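The residues making up each chain are set out below.
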Amino acid sequence: MDVLNDEIKWFVDSYVDSLLSWDIIIFLYNNSMKASQANELAKHFDKSPKDVARTLRQLKNQGLIKCCNNNDFNQQRYKVSHNFNQKVAPFIAALNQRQQRLAILAEVLKRTYSL
């Protein structure tokens, strides 16, 4: 039995390649009116600023988020794209259902650790 529908599978395959990207997507969904810098998010998640910046760049390049200023790289602020909530809402809803959340976690861990 497939627990995840095609839309959720596509979203996870496209955007959620690590637990860090999962955390960032949820944070931005819950704080969609706020622009965030990589170093702020790194402190929030207790992660390396370099790792957070790399994940933010990846999500930006995929069109899920965007830069909202043209400052140097270390000062760039990111915010959600115009269709962010529409793309992310089904993922968030799936996370609220135990079986789907576990299936998503399994997929992310498989990719992260090449299982």
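Everything here concerns the structure above.
Residues numbered from 1 in each chain as written. Predicted model: local features only at pLDDT ≥ 70, side-chain atom pairs only at ≥ 80, totals over all residues. Heavy atoms only, no water.

**A word on the overall build of the chain**
Within the chain, the regular secondary structure consists of six helices and three strands. The N-to-C order of helical and strand elements in the chain reads α-α-β-α-α-β-β-α-α. If you line up the chain on its principal axes, its C-alpha atoms span 50 × 30 × 20 Å. The contacts of the chain with a sequence gap of at least 6 include a subset with a gap of at least 24, amounting to 58%. As presented, the chain carries roughly 6,900 Å² of accessible surface, and 48% of it is formed by carbon and sulfur atoms. (Helix = DSSP H or I, 4+ residues; strand = E, 2+ residues; numbered from the N terminus. Contact = heavy atoms within 4.5 Å. Areas by Shrake-Rupley, 256 points an atom, 1.4 Å probe, with all protein chains shown as cover.)

**Quick notes on unusual backbone geometry**
For residues besides glycine, phi is generally negative; the peptide bonds are generally trans as well. Here Asp 46, not a glycine, exhibits a phi torsion of approximately 55°, which is positive. Relative to the helices and strands, Asp 46 is located in the loop between helix H3 (38–45) and helix H4 (49–61).

**Points about the packing of aromatic side chains**
One pass over the full model with this rule turns up five aromatic pairs. Ring centres of Phe 27 and Phe 45 lie 5.9 Å apart, and the angle between their planes is 80°; on these two criteria the pair is classed as edge-to-face. Of the two residues, Phe 27 sits in helix H2 (residues 19–30) while Phe 45 sits in helix H3, which places them 18 residues apart along the sequence. Each of the two residues, Phe 27 as well as Phe 45, counts as buried. Clustering of aromatic rings is evident, with ring pairs tying together Trp 10, Phe 11, Tyr 15, Trp 22 and Phe 91. (Phe/Tyr/Trp six-rings, centres within 6.5 Å; stacked < 30°, edge-to-face > 60°. Buried < 20%, exposed > 50% of the residue type's maximum accessible area, 1.4 Å probe, protein only.)

**Describing the pattern of salt bridges**
Counted according to the given criterion, the structure contains five salt bridges. A salt bridge links Asp 2 to Lys 9; the nearest nitrogen and oxygen atoms lie 2.3 Å apart. Look at Asp 2 and you get exposed, because its relative accessible area is 59%. On the accessibility criterion, Lys 9 (27% relative accessible area) is partly exposed. Among the ionic pairs, Arg 54 bridges to Asp 51, the shortest N-O distance being 2.5 Å. Placement of the pair is Arg 54 and Asp 51 together in helix H4, with a separation of three residues, close to one helical turn. (Salt bridge = Lys/Arg side-chain N within 4 Å of Asp/Glu carboxyl O.)

Such coordinate-based values are descriptive only and should not be taken to indicate function.
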